[in-house]
Amino acid sequence: MKRIFAPGAFALALLAGGSAAFAQNSEDWAKSRLSGRIGAFLPFENELRDLAKIWLTLGVDLEVPGRLFPQAQTVVSIDWATHNGGTNANIVPITLSQRWYSGDVGNRTYWQAGIGGAMLDFSPSDFVFSAKAALGVEFKENYFVEADIFFTDKHGSTNVSGSGAAVYFGVRF
């Protein structure tokens, strides 16, 4: 039962910790930007590629005010990769990242790096350490493509990691 609540508790801890840090910041929360992504996930593990070579992946990013590093934007990301619509073998990384932009809005590139945790729904579920690195390109102010690399620790009982690469098309709201 604890494993079911671990991902939610971790996400709340990230948001609560971030909120407390950012509440002291004079930047306005109204500047937060939400974006959604849809794409393809290519798992690195043979056991996962045997289930499907290409998995569906969805992601949500929330850019929040406050910075851990100069010139960076703080991003909370939740991703979901599935090969069968969520029945089993789901990968759900939750990361706190820093994103660096270069260029003008609507025609810029960015890269980001972050750490967090991931729920690996490999029967039974396990919550493990995860890391993410991404490169992205904006087409207009609200449209972008992104390529990600995910790393997760291995699942405790199956000894399979949820590591892989993903490509996304995204929209900022």
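Now for a look at the structure at hand.

How each quantity is defined
- Residues numbered from 1 in each chain as written.
- Predicted model: local features only at pLDDT ≥ 70, side-chain atom pairs only at ≥ 80, totals over all residues.
- Heavy atoms only, no water.
- Core = buried A, V, L, I, M, F, W, Y, C linked by side-chain atoms within 4.5 Å.
- Buried < 20%, exposed > 50% of the residue type's maximum accessible area, 1.4 Å probe, protein only.
- Helix = DSSP H or I, 4+ residues; strand = E, 2+ residues; numbered from the N terminus.
- Contact = heavy atoms within 4.5 Å.
- Pairing = 2+ DSSP bridges.
- Axes fitted to C-alpha atoms, helices over the stretch in contact; angles between N-to-C directions.
- Polar contact = N/O pair within 3.5 Å; in protein donor to acceptor, adjacent residues only side chain to side chain.
- Salt bridge = Lys/Arg side-chain N within 4 Å of Asp/Glu carboxyl O.
- Phe/Tyr/Trp six-rings, centres within 6.5 Å; stacked < 30°, edge-to-face > 60°.
- Lys NZ or Arg CZ within 6 Å of the ring centre and 35° of its normal.

1. Details of the nonpolar core
Argument step 1. In this structure, Phe41, Leu48, Trp55, Ile91 and Phe122 are the most contacted members of the largest nonpolar core, which totals 15 residues.
Argument step 2. The set of elements that each furnish at least two residues to this core consists of strand 5 (107–121) and strand 8 (164–172).
Argument step 3. Leaving out residues up to four positions away in the same chain, tryptophan 55 has contacts with Gly39, Ala40, Phe41, Pro43, Leu48, Ala81, Thr82, His83, Ala89 and Ile91.

2. A word on the sheet that holds strand 6 (residues 125–138)
Argument step 1. In spatial order, the strands read 1-2-3-4-5-6-7-8; together these eight strands close into a barrel with antiparallel pairing. Across this sheet, the average inter-strand angle for adjacent strands is 25°, counted without regard to direction.
Argument step 2. Note: strand 2 (residues 55–64) against strand 3 (residues 72–82), nine bridges, orientation antiparallel. Its bridge partner being in strand 3, glycine 59 is matched across the sheet by aspartate 79.

3. A short note on the side chain of glutamine 98
Argument step 1. Along the polypeptide, glutamine 98 turns up in strand 4 (residues 90–104).
Argument step 2. When its relative accessible area of 4% is taken as the criterion, glutamine 98 is described as buried.
Argument step 3. A polar contact of 3.1 Å, which involves the side chain of glutamine 98, links it to the backbone nitrogen of leucine 68.
Argument step 4. In terms of polar contacts, glutamine 98 uses its side chain to reach the side chain of threonine 74, at 2.8 Å.

4. Some remarks on the environment of alanine 81
Argument step 1. Of note, alanine 81 is situated in strand 3.
Argument step 2. A C-alpha to C-alpha distance of 6.3 Å links alanine 81 and tryptophan 55, two positions 26 residues apart in sequence.
Argument step 3. Leave out the neighbours within four places in its chain, and alanine 81 touches Phe41, Trp55, Leu56, Thr57, Ala89, Asn90 and Ile91.

5. Regarding the pattern of salt bridges
Argument step 1. Here the structure, examined in full by the defined rule, presents 13 salt bridges.
Argument step 2. Of the charged contacts, one joins glutamate 45 and lysine 154 as a salt bridge, the two residues approaching to 3.2 Å between their closest N and O atoms. Note that glutamate 45 is positioned in the loop between strand 1 (33–43) and helix 2 (46–51) and lysine 154 in the loop between strand 7 (143–152) and strand 8, a separation of 109 residues in sequence.
Argument step 3. With relative accessibility at 14%, the residue glutamate 45 sits in the buried group.
Argument step 4. For glutamate 63, the salt bridge identified is with arginine 172, shortest N-O distance 3.8 Å. Of this pair, glutamate 63 sits in strand 2 while arginine 172 is found in strand 8, placing the two residues 109 residues apart along the sequence.

6. Side note on the packing of aromatic side chains
Argument step 1. Overall, the coordinates contain eight aromatic pairs when judged by the stated rule.
Argument step 2. Between the aromatic rings of phenylalanine 41 and tryptophan 55, the centroid separation amounts to 6.1 Å while the plane-to-plane angle is 70°, which identifies the pairing as edge-to-face. With a gap of 14 residues between them, phenylalanine 41 in strand 1 and tryptophan 55 in strand 2 connect regions that are remote in the sequence. Taken as a pair, phenylalanine 41 and tryptophan 55 share a single burial class, namely buried.
Argument step 3. Looking at arginine 172, its charged tip hangs above the ring of phenylalanine 144, at a distance of 4.5 Å from the centre.

7. A look at the environment of aspartate 104
Argument step 1. Structurally, aspartate 104 can be placed in strand 4.
Argument step 2. For aspartate 104, a relative accessible area of 61% corresponds to the exposed category.
Argument step 3. Sequence-wise, aspartate 104 and glutamate 138 are 34 residues apart; in three dimensions their C-alpha atoms are separated by 9.6 Å.

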